[in-house]
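The lines below spell out each chain.
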Amino acid sequence: MAPIISIKGLQKTYDSGHTALHGLDLDIEEGEILALLGPNGAGKTTTISAVCGLIRPTGGTVTVGGHNIATDYRAARAMIGLVPQEISIEPFERVMNTVRFSRGLFGKRKDDAYLEKVLRSLSLWDKKDSRNNELSGGMKRRVLIAKALSHEPRVLFLDEPTAGVDVNLRKDMWQLVRELRADGVTIILTTHYIEEAEEMADRIGVIDKGRLLLVEEKDKLMKSLGRKELVLELAKAPDAIPASLAGYELELEGNRLTYTFDTTAESTGVTRLMADLAAAGLKFTDLSTRQSSLEDVFLSLVDEGQQKEVAQ
Ligand SMILES: Nc1ncnc2c1ncn2[C@@H]1O[C@H](COP(=O)(O)OP(=O)(O)OP(=O)(O)O)[C@@H](O)[C@H]1O
C-alpha cells in the first residue's frame with residue numbers, strides 16, 4: 001500500500017541562512033503512530049510545518065494521500081489535523097463555535113453530532129458555551145485538539161501534545177490517540193517525553209540537527225539496541241573487583257556489582273560470570289535485571305551523532 005505521507009529530500013533553509021532540514025526522507029504508513037524524537041532545535045516542528053504546508057520548503061517534495069502539499073494544497077491540507085505547540089485560539093470565541101468554525105474552514109458540512117462526540121471525548125462538552133479565555137491552560141490545549149479533529153482528518157499531527165500538561169490530561173490524550181488509531185487515523189507526534197513514545201508509538205524516528213538518524217519499529221529498536229543490566233547485591237562489599245573478573249565489564253558501587261550484556265549476542269556471558277564469581281569467593285544475596293530503555297537508546301544515538309560531528 002502506498003504510504004499516506006511521503007517526504008522526499010525535504011530541505012529547509014530559513015531566511016536567516018540557517019538550514020533546519022538537510023534532505024529528509026520519510027514514508028509514513030496509513031494507520032500507524034509515529035513518534036519523532038529529538039532534542040531542542042532538531043527540526044521536528046520544521047518538518048511538521050513543511051508537511052502541513054505552513055512553511056515553504058527550499059527543497060524536496062511532500063505528498064499527503066497522494067496530493068502534493070505545494071501544488072495541491074487544499075486537498076492535502078484537508079486530510080490533516082494539526083495540534084500546534086503554541087496555544088492559538090480566538091480568546092473571546094465560545095468553544096463550540098471555535099470547532100464549528102474550524103470545520104467550516106475545510107468546507108465540511110455542518111455536523112454538530114460529530115463535534116459533540118469530539119468534545120465529549122476530550123471532556124469539553126460541559127464547556128461548550130464557555131469562552132476560550134475563560135478556560136485553564138489544559139482545557140485550551142483540549143480545544144486545540146478538538147479544533148484539529150473538527151474536520152475528520154485522516155492524519156493527525158501532535159506537536160509536543162503533553163508539554164506542561166498534568167498527568168490526567170496526558171492519560172486522556174493517550175487514550176484518545178489510541179481510539180483515533182483504532183478508527184484508522186494516522187498519528188505523528190513529537191515529544192520530549194521518551195516515556196510517551198515508548199508507550200504510544202508503533203515506529204520511532206530520531207531526528208537531530210535536521211537529519212533523520214533512524215526510523216525503526218519500536219519493538220525492533222528496543223530489541224536490537226537493547227542492552228540488559230544484571231545487578232548483583234553482594235553479601236560483602238569487596239575492596240576492588242578481583243583480577244580474575246577483569247575480562248567482564250563490571251561496575252562496582254559499594255556492594256552492588258553491575259554487569260551489562262547484549263541480549264542479542266550469541267552468548268551473554270551470564271553463566272560464565274556466575275561460575276567465575278563463585279570461584280572468586282564472591283557471594284551474592286540478591287540479583288535483578290534491567291532492560292535498557294528507549295531513553296538510553298535515544299541518548300546514545302544523539303551522543304554518537306555529536307561525537308561524529310566533533311571528529312569531522
Ligand atoms: N523562523 C525561523 N527562522 C530561523 N530559524 C528558525 C526558524 N524556526 C526555526 N528555526 C531554527 O531551525 C532549527 C529547528 O527548529 P525546530 O523548531 O524545527 O526544532 P524542534 O526540533 O521542533 O525543537 P523543539 O523541540 O525545541 O521544539 C532551530 O535551530 C531553530 O532555531
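Residues numbered from 1 in each chain as written. Predicted model: local features only at pLDDT ≥ 70, side-chain atom pairs only at ≥ 80, totals over all residues.

A.B. asks: In this structure, what is going on with the overall build of the protein? I would like to understand it.
C.D. replies: Assigned secondary structure in the protein consists of 10 helices and 14 strands. Rg of the C-alpha trace for the protein: 24 Å, well past the compact-globule value of 20 Å for 312 residues, more than 25% over. Counting only residues that meet the buried cut, the protein has 32% of its 312 residues in that class. A sequence separation of at least 24 residues applies to 71% of the contacts in the protein between residues at least 6 apart. (Helix = DSSP H or I, 4+ residues; strand = E, 2+ residues; numbered from the N terminus. Rg over C-alpha atoms; globule rule 2.2 N^0.38 Å. Buried ≥ 20, exposed ≤ 12 C-beta atoms within 10 Å, placed from the backbone. Contact = placed C-beta atoms within 7 Å.)

A.B. asks: Mind showing me how you'd approach the sheet that holds strand β7 (residues 155-159) here?
C.D. replies: Hydrogen bonding along the main chain pairs the strands of a sheet, whether they run parallel or antiparallel. Reading across the sheet, the six strands line up as β6-β7-β8-β3-β9-β10 and stay open at both edges, with mixed pairing between neighbours. In this open sheet, the two strands that pair with only one neighbour each are β6 (80-83) and β10 (211-217). In this sheet, adjacent strand axes meet at a mean angle of 15° when their direction is disregarded. One ladder, built from five bridges, connects strand β3 (residues 33-37) with strand β8 (residues 186-191); its direction is parallel. Counterpart to L34 in the pairing with β8 is I188. Across the sheet, helix α5 (residues 137-149) is in contact with β6 and β7; its angle to β6 comes to roughly 170°. Sitting on the sheet, helix α6 (residues 167-182) touches β3, β7 and β8, and the angle it makes with β8 is about 150°. (Pairing = 2+ DSSP bridges. Axes fitted to C-alpha atoms, helices over the stretch in contact; angles between N-to-C directions.)

A.B. asks: Which parts of the structure should I look at to understand the site of the ligand?
C.D. replies: Y14, S16, H18, A20, G38, N40, G41, A42, G43, K44, T45 and T46 make up every residue found near the ligand. Broken down by element, the residue count for the shell around the ligand peaks at three residues, all from helix α1 (residues 44-51). Residues belonging to the shell around the ligand are distributed by class as follows: three nonpolar, eight polar and one charged. (Near = placed C-beta within 6 Å. Nonpolar A, V, L, I, M, F, W, Y, C, P; charged D, E, K, R; others polar.)

A.B. asks: Looking at this model, I keep getting lost on the environment of P91. Mind explaining?
C.D. replies: Looking at the secondary structure, you find P91 in the loop between β6 and α3 (95-105). Other than its neighbours up to four places away in sequence, P91 contacts N132 and N133.

A.B. asks: Teacher, can you tell me more about the environment of E251 here?
C.D. replies: When you line up the elements, E251 lands in strand β12 (residues 250-253). The spatial distance from the C-alpha of E251 to the C-alpha of G65 is 52 Å, given a sequence separation of 186 residues.

A.B. asks: Hey, could you run me through the domain arrangement of the protein in this one?
C.D. replies: Interfaces are frequently sized by the accessible area removed from exposure as the parts join. For the protein, the assigned domains are domain 1 (5-222) and domain 2 (227-291). The gap between the C-alpha centroids of domain 1 and domain 2 is 46 Å. (Domains from an automatic or database assignment.)

A.B. asks: Teacher, can you tell me more about the packing of α3 against α5 here?
C.D. replies: The description of two packed helices rests on the angle between their axes and on the distance between the axes. For the pair α3 and α5, the least separation of the axes is 8 Å and the interaxial angle reads 30°. The angle between α3 and α5 places the two elements in the roughly parallel class. Viewed along their axes, α3 and α5 form a crossing whose handedness is right-handed. Contact with α3, carried on its side by V95, T98, V99 and S102, involves V143, A146 and K147 of α5 and no other residues of that element. Each residue belonging to the contact of α3 with α5 can be placed in one class, and the counts come to four nonpolar, two polar and one charged. (Parallel < 35°, antiparallel > 145°, perpendicular 65-115°, else oblique. Left-handed = near helix turned anticlockwise from the far one by under 90°.)

A.B. asks: What am I meant to see in the sheet that holds strand β4 (residues 59-64) here?
C.D. replies: Spatially, four strands are ordered β2-β1-β4-β5 in an open sheet, and the strand pairing comes out antiparallel. Each edge of the open sheet is held by one strand with a lone partner, namely β2 (19-28) and β5 (67-68). As defined by bridge partners, strand β1 (residues 5-13) adjoins β2 across seven bridges and the pair is classed as antiparallel. Among the inter-strand pairings, Q11 is bridged to a residue of β2, identified as H22. Packing of α1 onto the sheet brings it into contact with β1, β2 and β4, and relative to β1 it is tilted by some 120°.

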